[in-house]
Amino acid sequence: MCGIVGIFNVKKSDESMRSQAINMAKKSDIGVRIGQGYIVVRTLFWLMNDLQ
Amino acid sequence: MDPQSGGQPLYTDDKKVVLAVNGEIYNHGDIRKKYEGKYNFLTKSDCEVILALYRDKGASFLEDLNGIFGFALYDIENDIFLISRDHMGIIPLYHGWDEYGQYYVASELKALEGVCNKIEVFPPGHYYYSKDKGPKKWYSRDWMEFENVKENKTEIAALRKGLEDAVHRQLMSDVPYGVLLSGGLDSSIISAVAKKFASRRVETEDKNEAWYPQLHSFAVGLPGAPDLIAARKVAEHIGSIHHEINFTIQEGLDAIRDVIYHLETYDITTIRASTPMFLMARVIKSMGIKMVLSGEGSDEIFGGYLYFHKAPHAKALHEETVRKLDKLHLYDNLRANKSLAAWGVEGRVPFLDKEFMDVAMRINPEDKLPRNGRIEKWVLRKAFEDMLPESIVWRQKSNSVMVSGTVGLTPLKSWFRIRSQMISWQMRHSNFLIKRLHPKKNTITEVYFNRISRPNQLRFVFLLFRL
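Since the model is a prediction, treat every value here as computed from it, not as a measurement.

K.L.:
Is there a simple way to explain the overall build of chain A in this structure?
P.N.:
On a plain count of helices and strands, chain A comes out with 3 helices and 1 strand. Going residue by residue from the N terminus, the α and β elements of chain A occur as β-α-α-α. Considering chain A as a whole, with its 52 residues, one finds that 44% of them fall into the buried category. Considering only residue pairs separated by 6 or more positions, chain A has 60% of its internal contacts joining residues 24 or more positions apart.

Have a look at this one:
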């Protein structure tokens, strides 16, 4: 079981989105509870940004 | 499934499609077989079949899945995203937009709070393909219209097989599991059927011995609650290893704040019923159990609530069952998922299995009407009467079961009154926020009852809680 966070249509800078994504995972306990949520967030985030 | 290789996110072998998913795909074995030699699976995760299906069919594969899920898929090469949620909204999913037009999805509402200007519940049975303007419905059934089922023949044997198959499918697990046994009809049936299959490993089509062959059942309630006695009776009958968890009124009250935090709702009935479940989940987790089967959905499918006795005719009953199922993601599904997930326990709900629902909702609604000597859920009782004690099978739903399913009526009343007073107090002290956000509403009650049942106002609920 895993919580998910996804961000699409990314328009802001890399760094601000990165910290925002991490904060979202932390705030929802997804990262803490699942242990993989943080990675999910970060990976999705970087994939999004690779395309910007 | 496959906790060792099921790490997230999942990728296709060329790394061009990435998937973040929360849930279980019960028919993954059949889908894997179909794509053997055509798709290169990198893990044994049940959810990886979503990638195989996407590669084959684009966005039009959701009907192929039988499971519970919320996922976000990103196709890097084509810059396409696909978001979707299971047919009944058993797995939570929210989405939102910020001031820059960025689009967010998350398993929990609180992840989006403070980031998005607009937050909504992602509708169950829908998908959002980035080529489209917004979510589209993928789950639609003939039985949603009374006209399509009114002439159907009711087959008790098919109903029984349908539910047994659903439980069997959902016993797919690589981790220790159990059943929630409240002592009511629904959880007793699920427990009895689970016990029937527990000794064999489902993943090997029952050829091998199960990794965790002993079935553990769990009941929770205030000391002396009648349901606890009923649950004990069922456990003795089916031969499960039974665990009885007591809690005090004070423990219930102390937990309310945490329950609201995790459930992200202020719905009174949901919070009331979730609190014992939340307390129970902590104990279940401490015993190393990672997954439990639960009986949610039966009352909605079969018209099990006592007010169904007043249904004037079969059409009215059927339409009410469809309506209740449509709203279930806001109430019982929230309870079953989030009360347990708060402690890292996964809840599964065989009554809401996609295939079983098709069987149960195509029953002639005339046979669900409680009349002519038949009590509510007569067809379900009849289908499983040989698996449970007679006193359980033919025990009519009591008020205590109706409102909680876990605690006795007398202590419940006092607990309910105290809890209501507590929430009223919280709401009174939230007055300034309500006036600021809803200047046209005159009273707290008006705001509460107007807002609380609307999915797109969940953000308000969360804000209220944060005070």
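K.L.:
Mind showing me how you'd approach the overall build of chain B here?
P.N.:
Regarding its fold elements, chain B presents 19 helices and 14 strands. Residues counted as buried form 49% of the 467 residues belonging to chain B. In chain B, 70% of the contacts between residues at least 6 apart in sequence involve partners at least 24 apart.

K.L.:
Which parts of the structure should I look at to understand the sheet that holds strand β13 (residues 291-293) of chain B?
P.N.:
In sheet architecture, strand pairing relies on hydrogen bonds along the backbone and comes in two forms, parallel and antiparallel. All names here are of chain B. The strand order across the open sheet built from 5 strands is β12-β11-β10-β13-β14, with neighbouring strands paired in parallel fashion. Two strands lie at the open edges of the sheet, namely β12 (241-246) and β14 (346-348), each paired on one side alone. Each strand axis lies, on average, 30 degrees off the axis of its neighbour in the sheet, ignoring direction. Summarising the sheet, strand β11 (residues 216-221) and β12 pair through 6 bridges and their orientation is parallel. Bridge pairing in β12 links His216 to Ile241. Where helix α5 (residues 185-197) meets the sheet, its contacts fall on β10 (177-180), β11 and β13, and the angle it forms with β10 comes to roughly 150 degrees.

K.L.:
Would you explain the confidence of the model for chain B in this entry?
P.N.:
One rule of thumb: low pLDDT means the predicted coordinates there are not for detailed reading. All names here are of chain B. Per-residue pLDDT for chain B averages 86, and the proportion of residues at 70 or more is 84%. Every residue in residues 441-467 is under pLDDT 50, and counting partners more than four places away or in other chains gives 42 contacts. Across the interfaces of the predicted complex, the ipTM metric reaches 0.71, alongside a pTM of 0.84.

K.L.:
How should the packing of helix α7 (residues 249-263) of chain B against helix α8 (residues 268-286) of chain B be read in this particular structure?
P.N.:
Axis angle and axis distance: for two packed helices, these are the angle between their axes and the distance between the axes, and together they describe the pair. Residue and element names in this part refer to chain B. Their axes nearest at 9 Å, the elements α7 and α8 cross at an angle of 105 degrees. One element, α7, and the other, α8, form an angle in the roughly perpendicular class. Along the contact surface, α7 presents Glu251, Gly252, Ala255, Ile256, Asp258, Val259, Ile260 and Leu263, while α8 presents Thr270, Ile271, Ser274, Thr275, Phe278 and Leu279. Among the residues forming the contact of α7 with α8, the class breakdown is 8 nonpolar, 4 polar and 2 charged.

K.L.:
What am I meant to see in the pairing of strand β2 (residues 17-25) of chain B here?
P.N.:
Look at any regular strand and the pattern is simple: side chains alternate between the two faces of the sheet. All names here are of chain B. Counted residue by residue, β2 has 9 buried out of 9 residues, so it is predominantly covered. Burial along β2 is two-sided: the residues Val17, Leu19, Val21, Gly23 and Ile25 and Val18, Ala20, Asn22 and Glu24 are all buried. Judged from the 2 bridges that link them, strand β1 (residues 10-11) and β2 form a sheet pairing that is antiparallel. Paired with Tyr11 across the bridge in β2 is Val18. Connecting β1 to the next strand, β2, in antiparallel fashion are 5 residues, including Lys15 with a positive phi near 65 degrees. Sheet analysis places β2 next to strand β3 (residues 67-75), joined by 9 bridges and oriented antiparallel. Of the residues in β3, the one forming a bridge with Gly23 is Phe69.

K.L.:
Which parts of the structure should I look at to understand the nonpolar core?
P.N.:
Taken as a class, soluble globular proteins show a tendency for nonpolar side chains to be buried jointly. All names here are of chain B. Leu19 and Val292 are the most contacted members of the largest nonpolar core, which has 123 residues in total. When residues of this core are assigned to their parent elements, the largest contribution, 8 residues, is made by α8. Here this core spans two domains, since at least three of its residues come from each of domain 1 (10-137) and domain 2 (142-247 + 275-408). Once residues within four sequence positions are removed from consideration, Val292 is found in contact with Tyr177, Gly178, Val179, Leu180, Ile284, Leu340, Val345 and Gly347.

K.L.:
Help me out: how do you make sense of unusual backbone geometry in this one?
P.N.:
Peptide bonds are trans in most cases, and residues, glycine excluded, mostly fall at negative phi. Residue and element names in this part refer to chain B. With a phi close to 65 degrees, Lys15 is a non-glycine residue in the positive phi region. Checked against the element boundaries, Lys15 lands in the loop between β1 and β2. Positive phi, close to 50 degrees, is recorded for Asp79, a residue that is not glycine. Within the secondary structure, Asp79 sits in the loop between β3 and β4 (80-85). When the 12 C-beta atoms within 10 Å are taken as the criterion, Asp79 is described as exposed.

K.L.:
Please clarify how α5 of chain B should be interpreted in this entry.
P.N.:
Each α-helix winds once per 3.6 residues, and so residues spaced three or four apart point in a common direction. Residue and element names in this part refer to chain B. If you check α5, its first and last C-alpha atoms are 19 Å apart, about what 13 residues at 1.5 Å a residue would give, namely 18 Å. Along α5, 11 of the 13 residues are buried, which leaves the element largely enclosed by surrounding structure. Residues Leu185, Asp186, Ser187, Ser188, Ile189, Ile190, Ser191, Ala192, Val193, Ala194 and Lys195 constitute the buried set of α5.

The rules behind each value
Residues numbered from 1 in each chain as written. Chains lettered and ligands numbered in written order. Predicted model: local features only at pLDDT ≥ 70, side-chain atom pairs only at ≥ 80, totals over all residues. Helix = DSSP H or I, 4+ residues; strand = E, 2+ residues; numbered from the N terminus. Buried ≥ 20, exposed ≤ 12 C-beta atoms within 10 Å, placed from the backbone. Contact = placed C-beta atoms within 7 Å. Pairing = 2+ DSSP bridges. Axes fitted to C-alpha atoms, helices over the stretch in contact; angles between N-to-C directions. pLDDT = per-residue confidence, 0-100. Parallel < 35°, antiparallel > 145°, perpendicular 65-115°, else oblique. Nonpolar A, V, L, I, M, F, W, Y, C, P; charged D, E, K, R; others polar. Core = buried A, V, L, I, M, F, W, Y, C linked by C-beta atoms within 7 Å. Domains from an automatic or database assignment. Expected span 1.5 Å × (residues − 1).

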